[in-house]
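In case you want the letters, here they are:
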Amino acid sequence: MEWLSAENVVAVGTAVIGVVASAVMVWYERRVPRRKRIGYRVQMDNPIGDDVRSGRANVRLGLFDETPGMTDATLVLLRIENDGSQSIAGDDYTSRERHGLTAVFTDRTIRGVSVTQPPGTEHLMDHFTPAAGLSYEDGVLRIPRVPLNRGEHFKLLVLLSGGDVGREIRLIGGLRDGEVSPNRSTTPDDQPPLFSRAARLITVLLTVCVVTLALIVVLRDDSPPPIGCEKGTLTVTGSTAFAPVMSELAKKYEQDCEGADIVVDAHGSTAGVRELGEAGAKSSKGSPPVIALSDGPKPSGFPQLRENRVAVSVFVLVVNDDLPVRNLSLADVRRLYRGEIKNWKQLGGPDRPVLLVSRDANSGTRQVFQRRVLGRGEIANSSLDCVHKDDATAPVVRCELDSTGQVLSTVAGLPGAIGYSELNLATGYKGLHQLTLDGHAASVEDLEHGTSAYPYREIEYAYTYGQPPADSLASSFLTYISRGNGQDVIRTHGHLPCGTPVGLKICGTN
């Protein structure tokens, strides 16, 4: 039978090896020291008042019945643990404050806190003092920099009032070379799952491999994909935010493939798409050797351009370090960029004029900002030097710059300035800090975990003029981007490749 040919036997063997490798990698990630990790879970969230709006009201006696303000009280048991593979020291916490972590109880007010620990970890209690940063205010609990050996944990029993049970409880903080994230809460009332999470994951991977292999065998196209090295010249233009990624990918491809010459010449997403369209219209040999990168979909009017979804990029608002502002609501951001907020004191900041540092009209970063955050265009440009108004009737100073790097350096040098950038380029930039939006931080990790409601993000597209020939450098380079080494480079620069399982889901639905 033809489907039992040697090549199909090899394909089946490859699939088996892939499944075994997946299982080994799951074991490796769980057993071999790699990352530091703090996990947290809510083990109890119960009402102890008789005036609760959700949950089942309890019968109260004694102190609970006599103390004022306890009619809508709730008790929360929060477990915090080192569920990674490495110990965590006090200086591993990345917070600039004295404390290491912050627990936020949405719409509730903290009335009291009790700290507990399992037998054998009494030494942890020495770290829970006000001098070490333990404190609370309203619905915010500040937790000290508690060192935790692998597997150690402590619990916080928190008495709250003023809100319903089941409201969001978040633990905020960071670890050097690690992460803080929720894990699954297991309580005595829970029905244990029939299969473990790892078993379910391996089963899903096995099913996907089998189905994919079946489709390859049945629907296989005998024409080989455009893999391998190709010679020639290629120009990559478009997004300046994604230009560092493409520069490194081009360099690696040239090192691996002798005879390839790839030039990265970024002028902004819209300018790159237009340049590609013009090159294609002038070409008499079909698809020209040009790839245009765009932060988000191309503008209308270019029906000949063919899209390739490369990665998910996360962007961020940044402000000069002289401003104490750390979070803005979407409503306040929109008011800022409509010119309605002229001074930072209107947002609780210092008495300093607002300086809007924006990108030019060709910028995909700006278009994503307008589409995903503002819901409209920015106000008119009013300044050439980003300091003085050239138009006296303009509500605020607003300037436009040609690249993300210019925006970052200008914001870092001008007190009162605010701008926007691709996340990885802004991370660690001196003289400025990043803003959260409605309390949501810009984070590729949260995006991968499916816990991010952060709005300022977009798919990165690579456009070609029509379908380039299979043996062309453009086709080979696009394949290189979407596979092994290319995906590693994209990840290194703080983007989520569309070729990963999570990336496929996001890139396919956005």
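Just above, that's the structure.
Given the structure is predicted, the values throughout are model-derived calculations rather than measurements.

A separate point is the overall build of the chain. When you go through the chain residue by residue, the secondary structure sums to 13 helices and 21 strands. By residue count, 44% of the 510 residues in the chain fall in the buried class. Summing over all exposed atoms, the chain offers an accessible surface of approximately 25700 Å²; the carbon and sulfur share of this is 54%.

It is worth spelling out the environment of C507 at this point. Structurally, C507 can be placed in helix α13 (residues 501-509). Residues C507 and E460, spaced 47 residues apart in sequence, show a C-alpha to C-alpha distance of 9.1 Å. With near-sequence residues (within four places) excluded, C507 lies in contact with R309, A311, V312, I459 and C498.

Our focus in this paragraph is the nonpolar core. By size, the foremost hydrophobic cluster in this structure holds 62 residues, and its most contacted members are L317, V333, Y337, F369, I418 and Y456. At 8 residues, the largest contribution of residues to this core is made by strand β13 (residues 305-320). Leaving out residues up to four positions away in the same chain, F369 has contacts with L317, V333, Y337, L374, E378, Y420 and Y456. Listed in part, the 26 residues of the second largest apolar core include V76, I110, F128 and L156.

The strand order across the open sheet built from 5 strands is β4-β7-β2-β1-β9, with neighbouring strands paired in mixed fashion. With one partner strand each, in any of the chains shown, β4 (109-116) and β9 (178-182) form the two edges of the open sheet. Each adjacent strand pair in this sheet contributes to an overall mean axis angle of 20 degrees, direction not counted. By the bridge criterion, 8 bridges tie strand β2 (residues 74-82) to strand β7 (residues 153-161) in an arrangement that is antiparallel. Bridging from a neighbouring strand, E81 pairs with H153 of β7.

Within helix α11 (residues 473-482), 9 of the 10 residues are buried, leaving the element largely enclosed by the surrounding structure. Burial in α11 covers these residues: L473, A474, S475, S476, F477, L478, T479, Y480 and I481.

Moving on: the pairing of β9. In terms of residue burial, β9 counts as a mostly covered element, since 4 of its 5 residues are buried. Judged from the 5 bridges that link them, strand β1 (residues 36-47) and β9 form a sheet pairing that is parallel. The residue of β9 that forms the bridge with Y40 is P182.

The next thing to look at is the side chain of H495. If you trace the backbone, H495 turns up in the loop between α12 (484-492) and β21 (496-497). Every residue in contact with H495, bar those within four places of it in the chain, is listed here: F242, V245, A311, V312, S313, E422, V444 and I490.

A covalent bond bridging the sulfur atoms of two cysteines is what the word disulfide describes. For the structure shown, the criterion picks out 3 disulfides. When the bonded cysteines of the chain are numbered from the N-terminus onward, they pair as 1-2, 3-4, 5-6.

Strand order in the open sheet formed by 4 strands is β5-β6-β3-β8, and the pairing between neighbours is antiparallel. Whereas interior strands pair on both sides, the edge strands pair on one side only; in this sheet they are β5 (135-137) and β8 (169-172). Sheet twist, expressed as the average angle between the axes of neighbouring strands with direction ignored, equals 15 degrees. Sheet topology note: the strand β3 (residues 101-105)/β8 ladder contains 4 bridges and is antiparallel. Along β8, the bridge assignment pairs V104 with R170.

Each pair of aromatic rings is reported with the distance of its centres and the angle of its planes. Taken as a whole and assessed by the stated rule, the structure comprises 9 aromatic pairs. Measuring from ring centre to ring centre gives 5.0 Å for F128 and F154, while their planes differ by 70 degrees; the resulting arrangement is edge-to-face. Taken together, the positions of F128 in the loop between β4 and β5 and F154 in strand β7 put the pair 26 residues apart, joining distant regions of the chain. In this structure F128 comes out as buried when scored by relative accessible area, which is 10%. The class for F154 is buried, based on a relative accessible area of 2%. Members of the aromatic cluster, each reached through a chain of ring pairs, are F315, Y337, F369, Y420 and Y456.

With glycine set apart, most residues show a phi of negative sign, and most peptide bonds adopt trans. In this model, C386 sits at a positive phi of 70 degrees, which is unusual for a non-glycine residue. Accessibility expressed as a relative area gives 4% for C386, which makes it buried. Here D438, not a glycine, exhibits a phi torsion of approximately 55 degrees, which is positive. Secondary-structure assignment places D438 in the loop between β19 (436-437) and α10 (444-449). The exposure class of D438 is partly exposed, given its relative accessible area of 41%.

In a packed pair of helices, the relevant descriptors are the angle between the two axes and the axis-to-axis distance. Axis separation between helix α4 (residues 243-256) and α11 bottoms out at 11 Å; the angle between their running directions is 110 degrees. By the angle class used here, α4 and α11 are roughly perpendicular. For the pair α4 and α11, the crossing hand works out as right-handed. Of α11, the residues touching α4 (which contributes M246, L249, A250, K252, Y253 and D256) are L473, S476, F477, Y480 and I481. Grouping the amino acids of the contact of α4 with α11 by side-chain chemistry returns 8 nonpolar, 1 polar and 2 charged.

Bringing the pairing of strand β6 (residues 140-143) into the picture now. Alternating positions in β6 separate cleanly, L141 and I143 being buried on one face and V140 and R142 remaining unburied on the opposite face. In the sheet, β3 pairs with β6 via 4 bridges, with the strands oriented antiparallel. In the strand pairing of β6, A103 is matched with L141. Bridge count for β5 against β6 is 3 bridges, and the pairing is antiparallel. Bridging across to β6, E137 finds its partner in V140. In sequence, β5 turns back onto β6 through a hairpin of 2 residues, with D138 there showing a positive phi of about 55 degrees.

The next point concerns the pattern of salt bridges. Summed over the entire model, instances satisfying the criterion amount to 23 salt bridges. Among the ionic pairs, R176 bridges to D92, the shortest N-O distance being 2.7 Å. Residue R176 is located in the loop between β8 and β9, and its partner D92 is located in the loop between β2 and β3; the two are separated by 84 residues in the primary sequence. Judged by relative accessible area, which is 3%, D92 ranks as buried. E307 is the salt-bridge partner of R309, the closest N and O atoms lying 3.1 Å from each other. Taking the relative accessible area as the measure of exposure, E307 reaches 38% and is therefore partly exposed. By sharing partners, the salt bridges in this structure join D332, R335, R338 and E340 into a single network.

Parameters and conventions
Residues numbered from 1 in each chain as written. Predicted model: local features only at pLDDT ≥ 70, side-chain atom pairs only at ≥ 80, totals over all residues. Heavy atoms only, no water. Helix = DSSP H or I, 4+ residues; strand = E, 2+ residues; numbered from the N terminus. Buried < 20%, exposed > 50% of the residue type's maximum accessible area, 1.4 Å probe, protein only. Areas by Shrake-Rupley, 256 points an atom, 1.4 Å probe, with all protein chains shown as cover. Contact = heavy atoms within 4.5 Å. Core = buried A, V, L, I, M, F, W, Y, C linked by side-chain atoms within 4.5 Å. Pairing = 2+ DSSP bridges. Axes fitted to C-alpha atoms, helices over the stretch in contact; angles between N-to-C directions. Disulfide = S-S within 2.5 Å. Phe/Tyr/Trp six-rings, centres within 6.5 Å; stacked < 30°, edge-to-face > 60°. Parallel < 35°, antiparallel > 145°, perpendicular 65-115°, else oblique. Left-handed = near helix turned anticlockwise from the far one by under 90°. Nonpolar A, V, L, I, M, F, W, Y, C, P; charged D, E, K, R; others polar. Salt bridge = Lys/Arg side-chain N within 4 Å of Asp/Glu carboxyl O.

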